[in-house]
Amino acid sequence: MTDTDAPAISWPRLEARLAELARIGDTGDGGCSRLALTDADREGRDLVVSWMRELGLRVDVDGIGNVVGTWPADATEAPVLTGSHIDTVRTGGRYDGNLGVLAGLEAVETIITSGLELARPVAVAFFTGEEGSRFAPDMFGSLVYVGGLPLEEALDTVAVDGAVVGDELERIGYVGPLPCPARPPAAFVELHIEQGPVLEAEGDTIGAVTGVQGISWQEVTVTGQSNHAGTTPMDHRHDPAYVAAALAVFVRELADEAGPPQVATVGRVELHPNLVNVVPARATFTVDLRHTDDDALRAAEEAFAARADALAATEGVTVERRSLARFAPVEFDAGMVDRVERTARARGHSVRRMPSGAGHDAQMLARVCPTAMVFTPSVDGISHNPDEHTLPADLEAGAGVLFDVLVQLATE
Ligand code: GLV
Ligand code: MN
Ligand code: MN
Ligand code: MN
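Residues numbered from 1 in each chain as written. Chains lettered and ligands numbered in written order. Predicted model: local features only at pLDDT ≥ 70, side-chain atom pairs only at ≥ 80, totals over all residues.

*Asks:* Before we go on, may I ask you to explain the overall build of the protein chain in this structure?
*Replies:* Helix and strand content of the protein chain: twelve helices and 16 strands. Here the protein chain has a C-alpha radius of gyration of 23 Å; the compact-globule value for 412 residues is 22 Å, and the two agree. C-alpha atoms of the protein chain, sized along the principal axes, occupy 85 × 45 × 40 Å. For the protein chain, buried positions account for 49% of its 412 residues. A sequence separation of at least 24 residues applies to 76% of the contacts in the protein chain between residues at least 6 apart. (Helix = DSSP H or I, 4+ residues; strand = E, 2+ residues; numbered from the N terminus. Rg over C-alpha atoms; globule rule 2.2 N^0.38 Å. Buried ≥ 20, exposed ≤ 12 C-beta atoms within 10 Å, placed from the backbone. Contact = placed C-beta atoms within 7 Å.)

*Asks:* Is there a simple way to explain the nonpolar core in this structure?
*Replies:* Soluble globular proteins tend to bury their nonpolar side chains together. Of all hydrophobic cores here, the largest spans 89 residues; its most connected members are Val340, Val374, Leu402 and Leu406. In terms of residue count, helix H12 (residues 392-411) provides more of this core than any other element does, eleven residues in total. Here this core spans two domains, and each of domain 1 (3-213 + 329-411) and domain 2 (214-327) adds at least three residues to it. What Leu402 contacts, discounting residues up to four positions off in sequence, is Thr82, Ala103, Gly104, Ala107, Val189, Leu191 and Val374. Ranked by size, the runner-up nonpolar core spans 18 residues in total, among them Val243, Ala283, Ala300 and Ala312. (Core = buried A, V, L, I, M, F, W, Y, C linked by C-beta atoms within 7 Å. Domains from an automatic or database assignment.)

*Asks:* Help me understand the domain arrangement of the protein chain in this model?
*Replies:* Accessible area lost when the parts come together is the quantity often used to give the size of an interface. When cut into domains, the protein chain gives domain 1 (3-213 + 329-411) and domain 2 (214-327). Here the C-alpha centre of domain 2 lies 34 Å away from the C-alpha centre of domain 1. Tallying the contact residues gives ten residues for domain 1 and twelve residues for domain 2. Its residues placed into classes, the side of domain 1 that touches domain 2 shows four nonpolar, five polar and one charged. (Nonpolar A, V, L, I, M, F, W, Y, C, P; charged D, E, K, R; others polar.)

*Asks:* Would you mind going over the UniProt feature "binding site: Zn(2+) 1" (unreviewed entry) in the protein chain with me for this structure?
*Replies:* Taking the numbering used here, the UniProt-annotated feature "binding site: Zn(2+) 1" (unreviewed entry) corresponds to His85, Asp96 and His192. Across 108 residues of sequence, these annotated residues stay compact in space, with a maximum C-alpha separation of 9.9 Å. You can see Asp96 is positioned in the loop between strand S3 (80-84) and helix H3 (98-113). Summarising the element assignment, His192 is placed in strand S5 (residues 187-193). Here His192 falls in the buried class, since 29 other C-beta atoms lie within 10 Å of it. When near neighbours in sequence (up to four residues on either side) are disregarded, His192 contacts Ser84, Leu99, Gly100, His360, Met373 and Phe375. (UniProt positions renumbered as here; feature names shortened; annotations may be inferred.)

*Asks:* Honestly, the packing of helix H10 (residues 334-346) against H12 in this entry has me stumped. Any pointers?
*Replies:* In a pair of packed helices, the angle between the axes and the distance between the axes together describe the arrangement. Where H10 contacts H12, the two axes come as close as 9 Å, and the packing angle between them is 120°. In terms of orientation, H10 and H12 fall into the oblique class. Both H10 and H12 take part in a crossing whose hand is right-handed. Contacts from Arg339, Val340, Thr343 and Ala344 of H10 reach H12 at Val401, Asp404, Val405 and Gln408. Among the residues making up the contact of H10 with H12, the classes are represented as four nonpolar, two polar and two charged. (Axes fitted to C-alpha atoms, helices over the stretch in contact; angles between N-to-C directions. Parallel < 35°, antiparallel > 145°, perpendicular 65-115°, else oblique. Left-handed = near helix turned anticlockwise from the far one by under 90°.)

*Asks:* Would you take a moment to explain the site of ligand 1 for this structure?
*Replies:* The local shell around ligand 1 consists of Glu131, Gly132, Asp138, Ala358 and Gly359. Taken together, the residues of the shell around ligand 1 sort by class into one nonpolar, two polar and two charged. (Near = placed C-beta within 6 Å.)

*Asks:* Got a minute to help me understand the pairing of strand S1 (residues 58-61) in this structure?
*Replies:* Two faces make up the sheet, and in a regular strand the side chains alternate between them. Note that S1 and strand S2 (residues 67-71) share four bridges and pair antiparallel. Residue pairing in the sheet places Val61 in a bridge with Val67 of S2. Where S1 hands over to S2, the hairpin turn is made up of five residues, of which Gly65 adopts a positive phi near 85°. (Pairing = 2+ DSSP bridges.)

*Asks:* Explain the UniProt feature "binding site: Zn(2+) 2" (unreviewed entry) in the protein chain here, please?
*Replies:* According to UniProt, the positions carrying the feature "binding site: Zn(2+) 2" (unreviewed entry) are Asp96, Glu131 and His384. A compact arrangement is adopted by the annotated residues: their sequence extent is 289 residues, whereas the largest C-alpha distance between any two is 9.8 Å. Tracing the sequence through the fold places Glu131 in the loop between strand S4 (122-126) and helix H4 (140-145). On the basis of neighbour counts, which here come to 23 C-beta atoms within 10 Å, the residue Glu131 falls in the buried class. Residues in contact with Glu131, not counting those within four places in the same chain, are Ala36, Asp87, Thr88, Val89 and Asp138. Relative to the helices and strands, His384 resides in the loop between strand S16 (371-376) and H12. If sequence neighbours within four positions are ignored, His384 has contacts with Val89, Thr91 and Gly92.

*Asks:* Got a minute to help me understand the packing of helix H8 (residues 240-258) against helix H9 (residues 294-315) in this structure?
*Replies:* Close contact between H8 and H9 brings their axes to 10 Å; oriented N to C, the two are set at 150°. With respect to their mutual orientation, H8 and H9 come out roughly antiparallel. Where H8 crosses over H9, the two elements pack in a sense that is right-handed. Here H8 contributes Tyr242, Val243, Ala246, Leu247, Phe250, Val251, Leu254 and Ala258 to the contact with H9, which in turn contributes Ala296, Ala300, Ala303, Phe304, Arg307, Ala308, Leu311, Ala312 and Glu315. In the contact of H8 with H9, the residues fall into 15 nonpolar, no polar and two charged.

If you want it as structure tokens, here you go:
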């Protein structure tokens with residue numbers, strides 16, 4: 001076969017599917033809002049499943065609503081798996097997760113239409129609730145898929161809006177018979193936008209992802225004494241808003257002092273009763289700490305806990321900390337990372353080996369099979385934002401690398 005005869009993905013077909021999926025939950029400002037297990041998520045799922053069925057894939061759904069489309073449909077061997085997620089944060093973009101699922105579908109379609117002879121099946125998946133915005137932890141579906149969270153516990157999980165995961169799965173019709181944990185795939189490779197500024201700044205087209213940094217999410221509840229804002233002298237206060245604010249400043253300073261790659265975020269803050277002239281009764285906020293080194297991450301967690309306890313004592317409030325997610329740093333399979341790098345270079349791309357700052361389903365799959373990820377650049381490093389953007393040429397480049405890696409893994 002000459003180069004011009006080599007099967008190649010269709011960028012127009014992938015671009016059209018990305019646009020069609022982005023219309024579901026379209027926020028009108030370029031963004032997408034499809035929180036996990038909402039009606040918008042169901043619509044998105046139904047659309048992707050319809051495409052899987054049109055291609056003749058066998059569509060399997062497991063007990064936590066992960067969906068896997070396998071080719072050939074009668075395959076029994078463990079497949080080479082690709083995919084990602086189609087849920088978004090409330091103020092999400094069009095590519096986070098969606099790119100990996102639809103580029104995976106495009107790769108499988110190209111494999112089918114080109115008549116490539118496979119040594120093992122190929123499959124494309126989308127995993128339930130990767131974002132963790134509606135219910136925690138993040139990478140929820142893939143965690144259950146690999147046996148990291150028992151199915152029963154997962155189904156009983158309560159979302160921030162009070163809904164129960166099992167009820168929501170039933171409601172949207174995505175409880176399937178496939179068991180969790182699943183039988184491990186032969187290998188997993190996920191294409192994703194970088195969601196950070198590195199590739200663009202360095203002028204590289206492809207990231208060969210070496211692993212994912214550790215993630216610690218906590219929900220902190222500060223309970224004090226609600227009282228009149230005008231009459232309560234400052235030295236009589238037990239003020240949860242003050243303690244929450246001081247802890248938010250503390251984690252920022254902690255990250256600044258530690259330096260990269262330590263990052264720290266307070267992303268959600270709620271005051272109760274949230275009124276102008278009332279010292280609040282309660283403050284609830286989240287802390288997201290991440291680091292590539294687990295000891296350093298643990299040190300940050302301990303420093304935060306110590307500061308929270310000290311402030312609780314001086315202000316006369318109680319501070320409760322609840323872990324929402326805690327994942328150690330993950331290193332991907334060295335041979336798989338080399339393969340991504342080699343394959344991208346063979347396509348003429350400039351490649352950077354890099355860790356991922358964001359969490360991904362691949363970090364869960366890495367527990368059970370050789371795993372790697374392909375990154376494409378994010379314009380201005382913006383993500384979890386309607387302005388999230390990647391240049392079409394870069395999306396196409398990433399999808400091409402994904403296709404080549406899948407073909408290699410499925411034909412060797
Ligand atoms: C999940 O998307 C995360 O990295 O926060
Ligand atoms: Mn994602
Ligand atoms: Mn995300
Ligand atoms: Mn993520």
